[in-house]
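# A look at the structure
Below, each chain spelled out in residue letters.
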Amino acid sequence: MLSRLALAALCISAAFAADTRFEISYAASAKTGPGSGSISGRVFIMISRDVQREPRLEIGRVGVPFFGRDFEKLAPGQSAVIDATDLGTPVESIAQIPAGEYYVQAFINVYSEFKRADGHTVWMHDDQWEGQRWNRSPGNLYSTPKKIALDAGKGYDIKLVCDQIVPPVEMPKDTDYVKRFRMQSPMLTKFWGRPIYFGATVLLPRDYEKTTISYPVLYSQGHFSTGAPLGFQPGGERGIYADWVKDGFPRMIAVTFQHPTPYFDDSYAVNSVNVGPYGDAILQELIPEVEKRFRIIREPWARLLDGGSTGGWESLALQLFHPDFFGGVWSYCPDSVDFSDVEGINVYQDKNAFYKEIEWRHEPTINSREINGQVRQTSEQRNHFELVNGTHGRSGEQIDIWSAVFGPLGEDGYFEPLFDKKTGVMNPKVGQYWKEHYDLRYYMEKNWYTLGPKLQGKLHVSVGDADNFFLNNGVHLMQNWMLTTKDPHYEGFFVYGAMRGHCYQGPETMADRLREMAEFVMGKMPPETVAQWWGR
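Residues numbered from 1 in each chain as written. Predicted model: local features only at pLDDT ≥ 70, side-chain atom pairs only at ≥ 80, totals over all residues. Heavy atoms only, no water.

### Here's the deal with the overall build of the chain
The helix and strand inventory of the chain stands at eleven helices and 25 strands. Against the compact-globule benchmark of 24 Å for 536 residues, the chain has a radius of gyration of 25 Å, which places it among compact chains. For the chain, the spread of C-alpha atoms along the three principal axes comes to 80 × 60 × 50 Å. With 536 residues in all, the chain has 58% of them scored as buried. Put simply, the chain shows about 22,700 Å² of open surface, and 51% of that area lies on carbon and sulfur atoms. One finds the centroid of the 55 positive side-chain charges in the chain at a distance of 3 Å from the centroid of its 66 negative side-chain charges. (Helix = DSSP H or I, 4+ residues; strand = E, 2+ residues; numbered from the N terminus. Rg over C-alpha atoms; globule rule 2.2 N^0.38 Å. Buried < 20%, exposed > 50% of the residue type's maximum accessible area, 1.4 Å probe, protein only. Areas by Shrake-Rupley, 256 points an atom, 1.4 Å probe, with all protein chains shown as cover. Lys, Arg positive; Asp, Glu negative; His and termini not counted. Charge placed at Lys NZ, Arg CZ, Asp CG, Glu CD.)

### Description of the layout of surface pockets
In this structure, the largest pocket occupies an estimated 630 Å³ of space. Listing elements by their share of the lining of the largest pocket, those giving two or more residues are β3 (66-74), α6 (379-389) and α7 (398-406). Considered class by class, the residues forming the lining of the largest pocket number ten nonpolar, ten polar and twelve charged. If you add up the space inside the second largest pocket, you get close to 500 Å³. Surrounding the second largest pocket, 27 residues form its lining, Arg 61, Arg 133, Arg 382, Phe 385 and Glu 397 being those nearest its centre. (1 Å grid on protein atoms, 1.4 Å probe; cavity = no way out; pocket = protein on both sides within 12 Å on 5 of 7 lines; lining within 4 Å. Points joined across faces, edges and corners; volume = space filled by probe spheres on them. Nonpolar A, V, L, I, M, F, W, Y, C, P; charged D, E, K, R; others polar.)

### Here's the deal with the state of the cysteines
All told, the structure shown has one disulfide when counted by the stated rule. Across the disulfide from Cys 333 sits Cys 503; the S-S distance is 1.4 Å. Between Cys 333 and Cys 503, the disulfide has an S-S torsion of -70° and is therefore left-handed. Here Cys 333, found in the loop between β19 (328-332) and β20 (355-358), pairs with Cys 503, found in the loop between β25 (493-497) and α11 (510-524); they are 170 residues apart in sequence, far enough to count as distant. (Disulfide = S-S within 2.5 Å.)

### Thoughts on the pairing of strand β18 (residues 303-308)
Most of β18 sits inside the fold, with five of its six residues counted as buried. Note: strand β14 (residues 217-221) against β18, five bridges, orientation parallel. Bridging from a neighbouring strand, Val 217 pairs with Arg 303 of β18. Bridging between β18 and β19 involves five bridges; their strand directions are parallel. Paired with Asp 306 across the two strands is Trp 330, which belongs to β19. The parallel pair β18 and β19 is bridged by helix α5 (residues 310-321), and the resulting crossover is right-handed. (Pairing = 2+ DSSP bridges. Right-handed = clockwise from strand over helix to strand, strands pointing away.)

### Some details on the sheet that holds β19
Strands sit in the order β12-β13-β15-β14-β18-β19-β24-β25 across an open sheet of eight strands; the sheet is mixed. Only two strands of the sheet have a single neighbouring strand rather than two, namely β12 (178-184) and β25. Each strand of the sheet is rotated relative to its neighbour by a mean of 15°, with strand direction disregarded. As paired strands, strand β24 (residues 459-464) and β25 are joined by five bridges and run parallel to one another. Bridge pairing in β25 links Val 463 to Tyr 496. (Axes fitted to C-alpha atoms, helices over the stretch in contact; angles between N-to-C directions.)

### Topic: the environment of Asn 468
Along the chain, the position of Asn 468 falls in the loop between β24 and α10 (471-482). We classify Asn 468 as buried; its relative accessible area is 7%. Taking the C-alpha atoms as reference points, Asn 468 and Gly 327, separated by 141 residues in sequence, lie 30 Å from one another. With near-sequence residues (within four places) excluded, Asn 468 lies in contact with Asn 367, Ser 368, Arg 369, Glu 370, Ile 371, Arg 376, Gly 501 and His 502. Here His 502 takes part through its backbone nitrogen, which lies 2.8 Å from a polar atom of the side chain of Asn 468. (Contact = heavy atoms within 4.5 Å. Polar contact = N/O pair within 3.5 Å; in protein donor to acceptor, adjacent residues only side chain to side chain.)

### With respect to empty space enclosed by the protein
The tally for this structure, following the rule as stated, stands at two cavities of 30 Å³ or more. Of the voids in this model, the largest cavity is the one considered here, and its volume is about 70 Å³. Of the residues assigned to the lining of the largest cavity, the class counts are four nonpolar, five polar and one charged. As for the second largest cavity, its lining consists of Val 342, Ile 345, Ile 399, Trp 402, Leu 418, Phe 419 and Trp 434. Class assignment for the residues of the lining of the second largest cavity results in seven nonpolar, no polar and no charged.

Encoded structure:
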């Protein structure tokens, strides 16, 4: 809930809200899309003390103040208004900005209409291969930063024009080692009612073009990026490059997926009523295309998974949901694998996502921390940050995508929230839906009789015990349960880094990890198979 002081401040700000406002319009020359009609979306004001970078590039969890409001059917020259009644972060109202001179910038995030196959029509930002970062998304509009004196005590009415347009993304060029492709997904396009694209970036082993050998593959999961898998940087003496090209190093293919959604930079690689059939699309469309274009051993024992954070969760989920397709997973600092702790929120017991009820006290729920335990952000602050970025879950941020992927469909076509973003009040019915569909520890428990035998030896999980987002708590709960498993008994392999934060990946280097993976594959190969791919 908003604190009493914050509520009082907003009440005070409302007294002069009419005289404390920004009017944002856009130039006809900057209009994007076909025709000369209106646009719908969300308008922002960013306020910074300096212009070392543009204010639009300085927003973030601990960034500069910004404020937002939705608008519909705005024509060139017409204005959308942001005033003291609009929620901001980390300052809640423009009326609370201390008097002084600031650099101010306006921005328009353009929404598109999606006429989905489920009969719902929603308005969301159509990713332009930037990974749902609205402040960098091609086609969005912004103004040139201006130095302006602001004094809410005296009031102001400032007009800004968005006459700049974010240019298209420049794709990195392919090299001998790194190849990329992008394709339209028939499944996802049908679901969303607009063309939806996904793709892959592929890291090839040394001498790939000189041989006819087929190779094991590591499907490495993570946030949207067109960079080379494993941080491969040709010519670099640091990182994986030096080992990747040397004699005797195991030859493998590493692949990252690009699958941004209208909600987030990544789909979490599962089917969802809100996000669509990304799990099916990845397994039935994207991976077959990868394995058709490149010489990959098309056997479960030769398909490995890894990933950290978001990628840690989805690599583990892919292994659990498709145990016959993938041969082993290395999951690093995975997002909550047990929903009794989701960045501090107990989905099953908390009545409010913003505070804990402890006897007579209400204590703030901590969302993130420094390694020494110092509070970085409370749950209320984190969720208000997302709410300023976008309503109806359109923030492009972490908690909203969890709600979109894990949660049920709402009556308005957007997801049904786990809790109210303004007050924190929880919805237990939604929490139960999360549990039955996507709680990975619970999924293992209820399916262990058939799932357990297929997971033997395949699960490797590492996390820092001072993870900044408390992800270690869910991992401990998963391990504690696995220690009790029967028929079969399988404990998995868990590594914890003492006083290590996000995202701890274990004590090995990536080169060591790849050697470990290669040896793992060697142990799973059919006896008559020759490992020509190991190198020389």
